[in-house]
Amino acid sequence: MADLFHRQAKNYAESRPSYPEELFEFIASKTPNHDLVWDAGTGSGQAAKSLAKLYKNVVGTDTSQEQLDYAPKLPNVRYQCTPPIIPMSELEASVAPSGTVDLVTIAAALHWFDLPTFYQQVKQVLKKPHGVIAAWTYTIPEANDKYPLANEKFDALFRQFYADSQPYWNPARKLTDDKYGGIDFPFEPVGDGANHTGPFEFTTDWVMDLESFLTFIRSWSAYQTAKEKGVELLRDDVVESFKSAWSEDGVDQRVVKTPIYLRIGKVGNLE
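- Labelled according to an unreviewed UniProt entry, the protein chain appears under the name Methyltransferase type 11 domain-containing protein, originating from Rhododendron simsii.

Here's what the structure looks like:
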């Protein structure tokens, strides 16, 4: 799976949505200390740059050096290219020693992980009992500006396009479509009075033109898989349909809303 993102690292870095500051402030409010974050599956650093504002040090790991090359260089962020499954000895040497991490984050990547192995590592590096793990994903975006009829037309077209792309998605994608509601998450609720680990919903709005939106589609793993099978999802007629719907009201840029779903919990005294 990592190979799919190696090949489209530039598109991924340029087109993926940023996450709202409210998301990071909510997460940071759940960790008693703000010394060290492990951002697993950091990609091109979309989450790491926001975490760096709230924590003293961030270690971002990813299996793709090509993606890490596009990550923002910040004084308190260190990036590390790692194998898909990191031996515990290497994890402690290259990421953090046992029991020293305040927060583990996984932005739009948890569904790709070997969860039993990864969770064992999370439980090892997090501070007990209050170390926190936060994992979020986002579902398909929707047009969200002041032209409701044009929005509705574009959204209907995009939903059909997404449905047509289903044969080329990895089965793990279904966990994202389910808003991480069904993903295994063996951690304790965090916060006063909390009785569940989510998903908690946030949204992010981004302003983009059509070419940026098409670049977002080209960054999909499904798009790359389709191309490898000789299928061009963005055929000329498809692009023309998108152009017609996008520009129906005469605007070049649209506000696009992306729903974000967060699972968050603490390690407790789990062994």
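There's more to say after this.
## So, helix H7 (residues 115–125)
Phase 1 of the analysis: Within H7 the residues assigned to the buried category are Leu115, Phe118, Tyr119, Gln121, Val122, Lys123 and Val125.
Phase 2 of the analysis: In this structure, the buried residues of H7 make contact with strand S1 (36–40), helix H6 (88–94), strand S4 (103–107) and strand S5 (132–138).

## With respect to the side chain of Thr61
Phase 1 of the analysis: Mapped onto the elements, Thr61 comes out in strand S2 (residues 57–62).
Phase 2 of the analysis: Once residues lying within four places of it in the same chain are set aside, the contact partners of Thr61 are Trp38, Asp39, Ala40, Gly41, Thr42, Gln80, Thr82 and Val95.

## Re the pattern of salt bridges
Where side chains of opposite charge bring their charged atoms close, a pairing between them can arise.
Phase 1 of the analysis: For the structure shown, the criterion picks out 9 salt bridges.
Phase 2 of the analysis: In this structure, the salt-bridge partner of Glu211 is Arg218, at a minimum N-O distance of 3.0 Å.
Phase 3 of the analysis: Assessed through its relative accessible area of 45%, Glu211 is described here as partly exposed.
Phase 4 of the analysis: Across the pair Arg235 and Asp237 runs a salt bridge, and its minimum N-O distance is 3.0 Å.
Phase 5 of the analysis: Residues joined in a network through salt bridges with shared partners are Asp35, Lys56, Asp102 and Lys127.

## Some details on the pairing of S5
A regular strand carries its side chains on alternate faces of the sheet.
Phase 1 of the analysis: With 7 of its 7 residues buried, S5 lies for the most part within the structure.
Phase 2 of the analysis: Burial of the side chains of S5 extends over both faces: Val132, Ala134, Trp136 and Tyr138 are buried on one face and Ile133, Ala135 and Thr137 on the other.
Phase 3 of the analysis: Here 5 bridges tie S4 to S5, and the two strands are oriented parallel to one another. By the bridge assignment for S5, Val104 is matched with Ile133.
Phase 4 of the analysis: Between the parallel elements S4 and S5, the chain passes through H7 in a crossover that is right-handed.

## Side note on the UniProt feature "domain: Methyltransferase type" (unreviewed entry) in the protein chain
Phase 1 of the analysis: Following the UniProt record, the feature "domain: Methyltransferase type" (unreviewed entry) maps to residues 39–128 here.
Phase 2 of the analysis: In this annotation, residues 39–128 is assigned 29% helix and 20% strand; the end-to-end C-alpha distance for the span is 18 Å.

## Quick notes on the nonpolar core
Phase 1 of the analysis: Core analysis: the largest hydrophobic core is formed by 54 residues, its most contacted members being Trp136, Ile217 and Phe242.
Phase 2 of the analysis: Viewed by domain, this core spans two of them, domain 1 (1–139 + 179–207 + 258–270) and domain 2 (140–170 + 210–252), each represented by three or more residues.
Phase 3 of the analysis: Residue contacts for Ile217: discarding those within four places in its chain leaves Phe158, Phe161, Tyr223, Leu234 and Phe242.
Phase 4 of the analysis: Membership of the second largest hydrophobic core comes to 26 residues, among which are Val95, Ala96, Val122 and Ile183.

## Structural notes on the packing of helix H10 (residues 210–218) against helix H12 (residues 236–246)
Phase 1 of the analysis: Contact geometry of H10 with H12 gives a least axis separation of 11 Å together with a crossing angle of 135 degrees. As summarised for this structure, H10 and H12 are arranged oblique, according to the angle between their axes. Between H10 and H12 lies a crossing of right-handed hand. Contact residues: Leu210, Phe213, Leu214 and Ile217 in H10; Val239, Phe242, Lys243 and Trp246 in H12.
Phase 2 of the analysis: Along the lines of polarity and charge, the residues of the contact of H10 with H12 split into 7 nonpolar, no polar and 1 charged.

## Focus on the pairing of S4
Phase 1 of the analysis: Along S4, 5 of the 5 residues are buried, which leaves the element largely enclosed by surrounding structure.
Phase 2 of the analysis: Here S4 shows a buried face lined by Leu103, Thr105 and Ala107 and a second buried face lined by Val104 and Ile106.
Phase 3 of the analysis: The sheet contact formed by S1 and S4 spans 3 bridges and is parallel. Bridge pairing links Trp38 to Val104 in S4.

Reading the values: rules and limits
Residues numbered from 1 in each chain as written. Predicted model: local features only at pLDDT ≥ 70, side-chain atom pairs only at ≥ 80, totals over all residues. Heavy atoms only, no water. Buried < 20%, exposed > 50% of the residue type's maximum accessible area, 1.4 Å probe, protein only. Helix = DSSP H or I, 4+ residues; strand = E, 2+ residues; numbered from the N terminus. Contact = heavy atoms within 4.5 Å. Salt bridge = Lys/Arg side-chain N within 4 Å of Asp/Glu carboxyl O. Pairing = 2+ DSSP bridges. Right-handed = clockwise from strand over helix to strand, strands pointing away. UniProt positions renumbered as here; feature names shortened; annotations may be inferred. Core = buried A, V, L, I, M, F, W, Y, C linked by side-chain atoms within 4.5 Å. Domains from an automatic or database assignment. Axes fitted to C-alpha atoms, helices over the stretch in contact; angles between N-to-C directions. Parallel < 35°, antiparallel > 145°, perpendicular 65-115°, else oblique. Left-handed = near helix turned anticlockwise from the far one by under 90°. Nonpolar A, V, L, I, M, F, W, Y, C, P; charged D, E, K, R; others polar.

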